[in-house]
Amino acid sequence: MTFARVAGVGSFLPPNRVSNADLVDRGVDTNDEWIVTRTGIRARHLAEAGQTSSELAFEASRRALDMAGATADDIDLIIVATSTPDFVFPSTACLLQAKLGNKGAVAFDVQAVCSGFVYALTIAEKFIRSGSHKKALVVGAEVFSRILDWNDRGTCVLFGDGAGAVVLEASERPGLLATALHADGAHHGILSVPGNLCGGKVIGDPFLRMDGQAVFKFAVRVLADVAHECCELAKLAPAAIDWLIPHQANIRIIEATAKKMGLPMEKVVVTVDQHGNTSAASVPLALDAAVRDGRIRRGQKVMLEGVGGGFTWGAVLLEF
Ligand code: UT7
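Residues numbered from 1 in each chain as written. Predicted model: local features only at pLDDT ≥ 70, side-chain atom pairs only at ≥ 80, totals over all residues. Heavy atoms only, no water.

Caption draft 1: Looking closely at the site of the ligand. As a structural note, the neighbourhood of the ligand is formed by 23 residues, with Thr30, Arg38, Gln213, His247 and Asn250 the closest of them. The separation between a nitrogen atom of the ligand and a polar main-chain atom of Gly212 is 2.9 Å. Within the side chain of Arg252, one N or O atom sits 3.3 Å away from an oxygen atom of the ligand. Alone, the ligand offers 950 Å² of accessible surface; in the complex the protein occludes 72% of this. Of all the secondary structure elements, the ones that give two or more residues to the shell around the ligand are helix H2 (32-39), helix H6 (153-156), helix H7 (212-234) and helix H8 (251-261). Looking at the shell around the ligand element by element, the count peaks at 4 residues for H7. Of the residues contributing to the shell around the ligand, the split by class is 11 nonpolar, 8 polar and 4 charged. Taken domain by domain, the shell around the ligand gets at least three of its residues from each of domain 1 (3-173) and domain 2 (177-319). (Near = heavy atom within 4 Å. Polar contact = N/O pair within 3.5 Å; in protein donor to acceptor, adjacent residues only side chain to side chain. Areas by Shrake-Rupley, 256 points an atom, 1.4 Å probe, with all protein chains shown as cover. Helix = DSSP H or I, 4+ residues; strand = E, 2+ residues; numbered from the N terminus. Nonpolar A, V, L, I, M, F, W, Y, C, P; charged D, E, K, R; others polar. Domains from an automatic or database assignment.)

Caption draft 2: Geometry of the domain arrangement of the chain. When the domains of the chain are assigned, the result is domain 1 (3-173) and domain 2 (177-319). Put simply, the middle of domain 1 and the middle of domain 2, counted by C-alpha atoms, are 14 Å apart. Every contact between the two is made by 54 residues of domain 1 and, on the other side, 46 residues of domain 2. Per-residue buried area on domain 1 facing domain 2 is highest for Cys114, Val118 and Tyr119; these three make up 16% of the total on that side. Linking domain 1 with domain 2 are 2 salt bridges, by the criterion used here. Residue Asp149 is joined to Arg209 by a salt bridge in which the shortest nitrogen-to-oxygen separation is 3.1 Å. In this assembly, domain 1 and domain 2 are joined by 23 residue pairs in polar contact (both at pLDDT 80 or more). Residue assignment for the side of domain 1 that touches domain 2 shows that the elements contributing at least two residues are strand S1 (3-12), H2, strand S3 (43-45), helix H3 (53-68), helix H5 (116-130), strand S6 (135-143), H6 and strand S7 (161-171). (Contact = heavy atoms within 4.5 Å. Buried area = accessible area lost by both parts, 1.4 Å probe. Salt bridge = Lys/Arg side-chain N within 4 Å of Asp/Glu carboxyl O.)

Caption draft 3: The arrangement of the packing of aromatic side chains in detail. Inspection of every chain in the model, using the stated rule, returns 4 aromatic pairs. The interplanar angle of 35 degrees and the centroid separation of 6.3 Å between the aromatic rings of Phe108 and Phe127 together place this pair among those described as tilted. Of this pair, Phe108 sits in strand S5 (residues 106-110) while Phe127 sits in helix H5, and the two are 19 residues apart along the sequence. Exposure remark for Phe127: the relative accessible area of 24% places this residue in the partly exposed category. The ring of Phe218 has Arg221 lying over it, and the distance from NZ or CZ to the ring centre is 5.1 Å. (Phe/Tyr/Trp six-rings, centres within 6.5 Å; stacked < 30°, edge-to-face > 60°. Buried < 20%, exposed > 50% of the residue type's maximum accessible area, 1.4 Å probe, protein only. Lys NZ or Arg CZ within 6 Å of the ring centre and 35° of its normal.)

Written out as structure tokens, the structure reads:
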């Protein structure tokens, strides 16, 4: 039986680290205490003007390829999850492909906002298990700072920029054990960037808008539900999970999810304090941090979870 197994992980944060105090200095009507107690966020990284998602994706991908002992030429599938693509088209995946010097791989973007990475990983798994592809590069990359209204303190303090990547390869050893994806477009209005380009102009609102409390309640409910669903599919008790990596948006959402799963916080990877909500990049950023610092080891069971605009949500249970 062919599995899709993680061969390498990598991530990249743009060097410009902006603390909560820095935001206050820049004139945002907020304070460190509010941001830390309501969200757990202490800092975010912001891309330089002109630094794009494909550039962040490139740095994360190089690290993941290195860990996998693979070269760009070995890759036959590139999927980039992003809601902040470099252009309307071509896809950020094609731009990443060109930067890597890869020719001929399938390359496309996935738009599922903060669930984008688990969507992309699940899609890549289907390609690999079907036997059509052997080695995939799956990336979450975002420059959310470009779509923030810096006068809206209810949103601008929450998000940051970054990228994370995984090399997923065909293997006889177990890898991804179960996946579950969902969406409910009826909730599209509680988190959106409700603008578009038409006739050379932005029509509508080009900034991220969010009903924070509605998103909060929705996220807590579906993250616990989908994690349980994945456990049932894999016939694994939640207690058997070694590491839970939920979408890094808010420490209170993460804690509530862990509680509903009956998992102690010692089994939960938290990086939201260091980079805020990086949307599709948040899960692979946290995964990379915990692999590189030695917490996640080969053979351990890891649950990845995403939730975001759409509304979309999903989980991937894997043996690392
Ligand atoms: O990837 C998924 C994306 N999003 C999320 O996961 C976010 C989900 N939602 C949340 O995390 C929370 O709802 C927030 C962190 C966004 C907000 O926390 P909250 O506890 O729901 O606060 P709130 O929106 O009800 O606002 C409470 C107060 C308000 O003041 P008043 O009306 O009570 O006087 C806000 O004006 O906090 C005020 N406030 C702020 N104060 C200082 C809102 N933003 C800020 C701020 N600094 N940045």
